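# Breakdown of the fold
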Amino acid sequence: MLLDKATIRQMMKTKRLQQMKAFSAYSSFIHYSVLNHPLICRSSMIACYVSLKDEVDTHQLIKALLKEHRVCVPKVHDDTMDFYEISSFNDLTEGHFHVLEPTTDLLVDIKNIDMMIVPMLAYDDQFNRVGYGKGYYDRYFARGYQGYKLGLAYSFQHIDHIDYDQYDIPLDEIITEKA
């Protein structure tokens, strides 16, 4: 049965609430996989989303990445998302949708981001993702992003098929607690 994106979003939000007790252990495994990923090790500038409580946690991941890499995080202005370099987790404050956003004004050029760590509500085997419906990441990728697109998700977020459209840009890889 083919599900539309709105149905997938609601289904995944419910599943995440049911699975929250296991998130800490799952996130630890995902962090280990990310930090040991060969492309992460070779990346100079890494863009990473700042997680909400029911997403794969990136707070500790960002702190670990900052020890050896330059890191930038997204900030939303109207319908546009840009990435700003941070030097510490203290460079973040609550912004749009209660997401922590950078307080720095160090805008990072899209060409300088080697690796983009991306959130999602669901994914399929072709690395298509369902986000939150605002299209920020797909629009950012369409602006000419040429780096690697790495998604972080829990295995229960997998679905058989996502009905994608011309504006949806698949990721290069997805890391879960299982693979």
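Conventions we followed
Residues numbered from 1 in each chain as written. Predicted model: local features only at pLDDT ≥ 70, side-chain atom pairs only at ≥ 80, totals over all residues. Heavy atoms only, no water. Buried < 20%, exposed > 50% of the residue type's maximum accessible area, 1.4 Å probe, protein only. Helix = DSSP H or I, 4+ residues; strand = E, 2+ residues; numbered from the N terminus. Pairing = 2+ DSSP bridges. Salt bridge = Lys/Arg side-chain N within 4 Å of Asp/Glu carboxyl O. Phe/Tyr/Trp six-rings, centres within 6.5 Å; stacked < 30°, edge-to-face > 60°. Lys NZ or Arg CZ within 6 Å of the ring centre and 35° of its normal. pLDDT = per-residue confidence, 0-100. Axes fitted to C-alpha atoms, helices over the stretch in contact; angles between N-to-C directions. Contact = heavy atoms within 4.5 Å. Core = buried A, V, L, I, M, F, W, Y, C linked by side-chain atoms within 4.5 Å.

### Focus on the pairing of strand β1 (residues 45-48)
Neither face of β1 is left uncovered, since the one carrying Met45 and Ala47 and the one carrying Ile46 and Cys48 both have all their residues buried. Of the pairings in the sheet, the one linking β1 to strand β2 (residues 70-77) comprises 3 bridges and is parallel in character. For isoleucine 46, the partnering residue across the bridge sits in β2 and is valine 71. Relative to strand β6 (residues 115-118), β1 runs parallel, the two sharing 3 bridges. Residue alanine 47 lies in a different strand from β6, and its bridge partner there is methionine 116.

### Observations regarding the pattern of salt bridges
As enumerated under the stated definition, the model contains 4 salt bridges in all. The residue arginine 143 makes a salt bridge to aspartate 82 at a minimum N-O spacing of 2.7 Å. A residue pair is termed long-range when its members are at least 10 positions apart, and arginine 143 in the loop between α5 (136-142) and β9 (148-152) and aspartate 82 in strand β3 (residues 80-86) qualify at 61 residues. A salt bridge links aspartate 172 to lysine 149, with the shortest nitrogen-to-oxygen separation between them at 3.5 Å. Here aspartate 172, found in the loop between β9 and β10 (173-175), pairs with lysine 149, found in strand β9; they are 23 residues apart in sequence, far enough to count as distant.

### As for the packing of aromatic side chains
Counted by the stated rule, this structure contains 6 aromatic pairs. Joined through ring pairs, the aromatic side chains of Phe83, Tyr137, Tyr140, Phe141 and Tyr145 make up one cluster. A cation over a ring is seen here: lysine 63 above phenylalanine 89, with NZ or CZ 4.9 Å from the ring centre. Above the ring of phenylalanine 141, the side-chain terminus of lysine 149 is found at 5.7 Å from the ring centroid.

### With respect to the confidence of the model for the protein
Model confidence for the protein is summarised by a mean pLDDT of 87, while 89% of its residues fall at 70 or above. Mean pLDDT across the elements of the protein bottoms out in helix α1 (residues 5-19) (66) and peaks in β1 (98).

### Focus on the sheet that holds β10
If you trace the 6 strands from one edge of the open sheet to the other, you get β3-β2-β1-β6-β9-β10, paired in mixed fashion. The two strands at the open ends of the sheet, each matched to only one other strand, are β3 and β10. Strand after strand, the sheet turns through a mean of 30° between neighbouring axes, direction not considered. Inspection of the sheet shows β9 paired to β10 by 3 bridges, in the parallel sense. Bridge pairing links glycine 151 to isoleucine 174 in β10. Its contacts with the sheet put helix α4 (residues 59-66) on β1, β2, β3, β6 and β9, and the angle it makes with β2 is roughly 135°.

### Some words on the nonpolar core
Generally speaking, nonpolar side chains in soluble globular proteins are found buried as a group. If you look at the biggest cluster of nonpolar residues, it comprises 45 residues, and the most contacted ones within it are Val34, Ile62, Phe83, Ile113, Met116, Ile117 and Leu152. Not counting chain neighbours up to four residues away, the residues in contact with methionine 116 comprise Ala47, Phe83, Tyr137, Tyr140, Phe141, Tyr145, Tyr148, Lys149 and Leu150.

### Some details on unusual backbone geometry
The phi torsion at aspartate 78 lies on the positive side, around 55°, for a residue other than glycine. Structurally, aspartate 78 is set in the loop between β2 and β3.

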